[in-house]
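Fold and geometry: a report
Here are the chains, one letter per residue:
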Amino acid sequence: MSVLTSPRGKVEVVHCRRTESQDIYCIKNLIRKFTQKLFGSLNIISLLEKANLAITLHNDQEEIMAQATFLDYPNWNVAPQEDWVSVFRELDSEIPCTPLNTLFMHLFVAVDEYSVGCCTEIIRTVFKAVPDLHFIFLIVPSYMSLGSTLITVFNQVGNIPSLTYDEEFAVHICHRHSHYPQLHIRKARVEDHDDLVPIFLHHDTILKETYGEYFLAELIEAQDEENHAIVCEVEGVAVGLMSVCSRVNMQLLHECFDLRPFHGLCTPHPDDVLEPPQELSVQGSSGAELRSSSQECQQIVKEPQEAVSPEARETIQRKSTEEAAAEEALSPVQSGNTSEAEDTEKLSQECSVDYTDYCISNTSSASISLPEETSNFRPTYRGTSTAFCIQLFCIDEKHEARSLDFMNFVFSLFPDKNFCIISLPHLTPEFVLIQNFVKIVPFNNCTLDQDLYVFHRAGLLKTIKIRIATLSDTPGVENLVSTLMLSKSILEDLQQYNEARRDPDIEYIRSHYNIEDFIYFSYHQREEHGHLYHFALNPIFQHYTKFFLKEILRLGYKSCLYYPVYPRAKEGKFQSSSAHSLTSALHYLVPVRPRRQIVYPLEKLGINAPSKEVSKDALSYALNHTNRKLTLEPKITINAKIVVVGASTVGISFLETLIFCSHLKFSNLTLISTHGLPGKKLLGTEQRKFLASDHCYNDKDHALMSLCSWINVVVGKMTAIDRAAKQVIVSREEVVLYDHLVLCTGQQYQVPCPTGADISQHPTNREVLNSSLQRYTGPVPCNHFTLNDEEDCLKALTWIRNNSIAAEGNVIVYGNTIDTYTTVETLLNLGVRGSCIHLVQHPPTSIITCINNYAVEGAVEDALRAAGVTVYRDAVLAQWNDGLNPDPIHSASFTTPTKPFQLPCSMFFSFCEKNVDYETFRAFNDACLVYDGRLVIDTNFHTNDIAIRAAGSLTKFSNRYYSNEWTHSNFNSKEVGFQLAAVMLNLFDPTLEPVTEPPADLDRLIPMYRGAKIKGGILPGSYHYLHIAKPANPTPLEVQMAKSDFGSEIVTGNVKNGTYFRIHTNKYKMVETITCLSKVPFPASNYIRLFGQHEQVLNNLCARYKDGLVPDLYSYFTEPWCMALFHDRFIDLRKELRQILSSKKEENLPSIEELARQIEDEEINLPEKPKNYLKRVFQETIYRPLVEKSILDYLHYNHYHLPMYAWPGII
């Protein structure tokens, strides 16, 4: 914030921010003829799309006062974009301009009255935002004067010719030192005390309270050869202090942190022990193991490390992109990124600087392919320490951007030291100085609650030159990447990149990813999109990553870069034929959300179908992106340890929401899950699924997100929570620390507890003890299966194949959920004879069946009967093996309301009612979390511990809300996870508006979510089933239909033929329920989009159905007209049209929405029917052309997805 005063004495308070797309209209209004003569005729949108930095100045009323745009190459085409440095060096050799320290002003506009002050404020802001920037050039035609504004900050250097114009252009320069100069650094003096104390006390009073009022003076007086105090001063006043010391507890650092990339911060010594003894390295460990997402290295887990910090990313970078998806876990604990050391160590071995003193020694020559670290081994370094530490640092906020100015001076105080280190509490917000350091990954058993950061002397070098690679660089690149797993691929691509042009498939990217969240696609030429294949950078230059990316774009004449992360195939091979090396720049890119795709009826559309580039079924990958606008835009780093327990849909949705916040960088996300991340394609796409689906995520969705690129994954079960220490105990021995714990374990099928009734006594259900509330404590038989996820299904499938169950043996499926039907169908599909399958349904706990549709249930029962499957109803498990040893199960006895029965058993599937796992319950109970049948939460997901939140079917709302019938189980799990993330983002995201407390009378209302509840699967008879319904308390369908406000239903086809399609619309004609039962597969994702639509949007479905024009809904929804309904941006069109109709477009007429309200409230008397009146107003006013234009713009902009529609101009 600054205050500007006009020549006439007017005062304006102004604020600087990044330019946004909504500023374009105001910017155009500020352009004058003089502006066009200075900068040329510019396309403002295109300019902003290609700008590295664009700054807008606005006042308190959000009125734009000024705007300036800066790029990293000159305008007016006075020099080639990739080689302007030589031209400007020839102009004035005394100006040491480089791509790192130079920007060019391509546009400046301002309100005339405040133009001088605005210009000065913007220039100061630019120098503050880009610490490495020293020069800003302005190039204008030589015959033009700069005017009264720009001349105040720019000085002419000389003239240069243009490459395209027959005239010369004047070059003007603006120097940093005139606006936001580098700080003067010197040794501290005692008299600096009075200047520094207010700065320290502004941040914290702990030092004063601990060490006394004159602690700074004493610190400054205590300087010696090992301890130094340095200050920075502005105009003779000290504005910051740094205290450094050469005494470092290296033993503690070596025990706690993986410093192998930097040779332990010691000089190399012949007696260094850098690798474990061979006999130690191969024996493995007996405890839980930490595995990378590619299963390439293992180590004991004590605490999962930061998954997404740039430095830790080096670990993941080593692995190829295609390895991003975690494989089936063979050990109890897994991590998506184990330690930075493995890759940074490799890249550190060859430092690309001119001074051999700066080179980091080789710490290991072993390739990371086998377990290379055991739980106890730590490298031993015998050499002398080469590090000093920062003990105390503080600087005035006005000058914080120049914090790095200290480093040259402090390194000069320790000429024999190459490393500067600093340790901070992990919740310390990342300040400017730390952003230039490398964050070190701690060992798994690190007990320090501090993060360690390292800065190398070579990081001060500013003479970094980035150029196009040539074949002569091969030896140097080979040395740099020699120990990386994909070094061969990198070198092959280096050799061939000039021979083969491999631009990204931009049509596919645009149609399958929301790239337009970051760019205006139409303003980027095809050749300006680049594909990033490999990126290897020495970690000591990590803070130059964005500069490297910026130079890639400039030198390659690119405006966008795309980096795909491919999942790893089940068999361990790469899906992609051209393997990518995971880039260490991943955290400087932004993840791009995948777009939901329409399932097209290609044969029916014919020539009106989308192009093959859009409709093809290519390999799925997660896409990461950067562009010129993002190269100078910082991310906000969140170091809080957020631990999610449970890979349920809620947990995955929560993590997805956090990861795709492009302006935030969560460096410490951890998932604790029994089987790691889902989406491993264990069963294959052709395999029938044992379990029904909620259609929230499938294997392809997981591949498109690549969560393992951003989070740690700890494979194991939570067995305890230590709330005081903020620890989660995994598998009874491993410890995971947290700042925020999110519990999303859900409910699982449990092993049923037999009643123990002796069927020889012929008991009935009434005579036996109800065991449904009892927990089974005996040994779980080896042929007993409770299926809760894909891993469990794989085990069952493996058992079936290994034990010839399909050929012989009886299978008992026990339960009455929809999963029993899908499991029976899977068994039949695997070849198990129907006569060998026994579906035993225990007594229902509710009058509502799992399908809740008699027509569908009747078809399923007929299919079971036709397949020979025997169904037993109201049966209660009495005994296994007549009460003898149940492992394995040879027989199972059941009681019924009439007479008991016994069945032979080779395999027993249990689908009894889901419940919270007992060990999970014990963890809650022992931690004194309030549990009342389920974990109790409030409306903000809090448990009784403010640091612990919970969501999903695991939870219930507190009794104080008087809504026990409503839980998260009633809602769409994906939406619940999103809302949980939205609540937590208020803690971390400074761009969000502060949350206001609800009024006193509303704080007892539970949140209601609107997303559809979905279930589907393949039922017996090979029926493909889908049911979509609004969130509601379960009610029998007959009861629903009997209500006066039920609405109407549309049914086509019949269940026996497998053509059943039912749509229920409520009294407002909104689609509320959809049920499909078909013998052939159908596009379920399309039908899900119909939920919540008005029947008129569905082409007046109700009227057409009454007229007999809709004999088959399956065929109806494959007609070309409805493709837009399935489009992912159709909801945006609806919002836009709603906004048009709700806004006042004509002075003497209220909006359409306001008219409708007035009619409803009877505030106006109409001579005609309200519908006719509103229709006439719409037709006769400006609303109709506005709506038509919006729809046509939508169709035109999305024509690659919707080519079946015509619009003016294409015919």
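See above for the structure.
Residues numbered from 1 in each chain as written. Predicted model: local features only at pLDDT ≥ 70, side-chain atom pairs only at ≥ 80, totals over all residues. Heavy atoms only, no water.

A count of helices and strands for the protein gives 35 helices and 46 strands. Buried residues in the protein amount to 56% of all 1211 residues. Restricting the contact set of the protein to residue pairs at least 6 apart, pairs at least 24 apart contribute 75%. As displayed, the protein has an accessible area near 52800 Å², and 51% of this comes from carbon and sulfur atoms. (Helix = DSSP H or I, 4+ residues; strand = E, 2+ residues; numbered from the N terminus. Buried < 20%, exposed > 50% of the residue type's maximum accessible area, 1.4 Å probe, protein only. Contact = heavy atoms within 4.5 Å. Areas by Shrake-Rupley, 256 points an atom, 1.4 Å probe, with all protein chains shown as cover.)

All right, on to unusual backbone geometry then. Here the bond from Asp 887 into Pro 888 is cis, since omega is -5 degrees, no more than 30 degrees from zero. Tracing the sequence through the fold places Pro 888 in the loop between strand 35 (876-880) and strand 36 (891-895). Unlike most non-glycine residues, Trp 76 shows phi in positive territory, near 60 degrees. Along the chain, the position of Trp 76 falls in the loop between strand 4 (64-71) and helix 4 (85-91).

At a closest axis distance of 10 Å, the pairing of helix 32 (residues 1130-1142) and helix 35 (residues 1183-1197) adopts a crossing angle of 165 degrees. The angle between helix 32 and helix 35 falls in the class roughly antiparallel. Viewed along their axes, helix 32 and helix 35 form a crossing whose handedness is right-handed. Here Phe 1130, Leu 1133, Glu 1136, Leu 1137, Ile 1140 and Leu 1141 of helix 32 lie close against helix 35, whose contacting residues are Tyr 1183, Leu 1186, Val 1187, Ser 1190, Ile 1191 and Tyr 1194. In terms of residue class, the contact of helix 32 with helix 35 is made up of ten nonpolar, one polar and one charged. (Axes fitted to C-alpha atoms, helices over the stretch in contact; angles between N-to-C directions. Parallel < 35°, antiparallel > 145°, perpendicular 65-115°, else oblique. Left-handed = near helix turned anticlockwise from the far one by under 90°. Nonpolar A, V, L, I, M, F, W, Y, C, P; charged D, E, K, R; others polar.)

Turning to the packing of aromatic side chains, a few remarks are in order. Two numbers describe a pair of aromatic rings. These are the distance of the centres and the angle of the planes. Evaluation of the coordinates by the stated rule reveals 48 aromatic pairs. When the ring of Phe 88 is compared with that of Phe 104, the centres are 5.4 Å apart and the planes differ by 70 degrees; the resulting orientation is edge-to-face. On the criterion of sequence distance, the pair formed by Phe 88 in helix 4 and Phe 104 in strand 5 (residues 102-110) is long-range, its members being 16 residues apart. Each member of the pair, Phe 88 as well as Phe 104, is classed as buried. A ring pair is formed by Phe 535 and Phe 548, whose centres lie 4.9 Å apart and whose planes are at 45 degrees; its orientation type is tilted. One end of the pair, Phe 535, is in the loop between strand 18 (529-531) and helix 18 (545-555); the other, Phe 548, is in helix 18, with 13 residues separating them in the sequence. Phe 548 gets classed as partly exposed once you look at its relative accessible area, which sits at 23%. One cation-aromatic arrangement involves Lys 914 over Tyr 749; the distance from NZ or CZ to the ring centre is 4.9 Å. (Phe/Tyr/Trp six-rings, centres within 6.5 Å; stacked < 30°, edge-to-face > 60°. Lys NZ or Arg CZ within 6 Å of the ring centre and 35° of its normal.)

Under the counting rule described, the total for this entry stands at 45 salt bridges. Residue Arg 1138 is joined to Glu 1153 by a salt bridge in which the shortest nitrogen-to-oxygen separation is 3.0 Å. Of this pair, Arg 1138 sits in helix 32 while Glu 1153 sits in helix 33 (residues 1152-1160); the two residues are 15 residues apart in sequence, bridging distant segments of the chain. Take Arg 1138: its relative accessible area is 54%, and that puts it in the exposed class. Look at Glu 1153 and you get partly exposed, because its relative accessible area is 36%. A salt bridge links Glu 1154 to Arg 1157, with the shortest nitrogen-to-oxygen separation between them at 2.6 Å. Linking Glu 1154 with Arg 1157, this pair stays in helix 33, spanning three residues, or about one helical turn. Residue class for Arg 1157 comes out partly exposed when judged on its relative accessible area of 35%. Look at the salt bridges and you will find they share partners, linking Asp 72, Lys 550, Glu 551, Arg 554 and Arg 628 into a network. (Salt bridge = Lys/Arg side-chain N within 4 Å of Asp/Glu carboxyl O.)

Take helix 35 next. Between its terminal C-alpha atoms helix 35 stretches 21 Å, which fits the 21 Å expected from 15 residues at 1.5 Å a residue. Those residues of helix 35 that fall on the buried side of the exposure criterion are Tyr 1183, Val 1187, Ser 1190, Tyr 1194 and Leu 1195. Summarising the axial view, the buried residues of helix 35 lie within an arc of 130 degrees, below the 170-degree limit, and thus occupy one face. (Expected span 1.5 Å × (residues − 1). Arc of directions from axis to C-beta.)

Before going further, it helps to examine the packing of helix 21 (residues 649-659) against helix 27 (residues 973-988). The geometry of helix 21 relative to helix 27 is characterised by a closest axis approach of 7 Å and an angle of 45 degrees between their N-to-C directions. By the angle between their directions, the pair helix 21 and helix 27 is classed as oblique. At the point where helix 21 passes helix 27, the crossing takes the right-handed sense. Residues Thr 649, Val 650, Ser 653, Phe 654, Glu 656, Thr 657 and Leu 658 of helix 21 touch helix 27, and the partners they reach there are Ser 973, Lys 974, Val 976, Gly 977, Phe 978, Leu 980, Ala 981, Met 984 and Leu 985. Residue composition of the contact of helix 21 with helix 27, by class: nine nonpolar, five polar and two charged.

In this section: the sheet that holds strand 1 (residues 2-5). Taken together, eight strands build an open sheet; the order of strands is 1-2-3-4-5-6-8-7 and the sheet is mixed. Two strands bound the open sheet, and with one partner strand each, they are strand 1 and strand 7 (155-161). For this sheet, the mean angle separating the axes of adjacent strands, direction not counted, is 35 degrees. Here strand 3 (residues 53-59) runs beside strand 4; their pairing, made up of six bridges, is antiparallel. (Pairing = 2+ DSSP bridges.)

A few words now on the pairing of strand 26 (residues 712-715). Successive side chains on a regular strand alternate, one facing one side of the sheet and the next facing the other. Across the two faces of strand 26 the burial is the same, with Asn 712 and Val 714 and Val 713 and Val 715 all buried. Pairing analysis gives four bridges linking strand 25 (residues 669-673) to strand 26, with the strands arranged parallel. Bridging across to strand 26, Ser 673 finds its partner in Val 715.

In this section: the sheet that holds strand 18. What the four strands build is an open sheet, ordered 18-19-21-20; its pairing is mixed. The two strands at the open ends of the sheet, each matched to only one other strand, are strand 18 and strand 20 (590-592). Taking each pair of neighbouring strands and ignoring which way they run, the sheet shows an average axis angle of 35 degrees. Relative to strand 19 (residues 560-565), strand 18 runs parallel, the two being bridged by three bridges. Counterpart to His 529 in the pairing with strand 19 is Cys 560.

Another aspect to go through is helix 24 (residues 818-829). The terminal C-alpha atoms of helix 24 lie 17 Å apart, and with twelve residues this matches the ideal 16 Å at 1.5 Å per residue to within 8%. When you tally the buried positions in helix 24, you get ten out of twelve residues, the bulk of the element. Listed in full, the buried residues belonging to helix 24 are Ile 818, Asp 819, Thr 820, Tyr 821, Thr 822, Thr 823, Val 824, Glu 825, Thr 826 and Leu 827.

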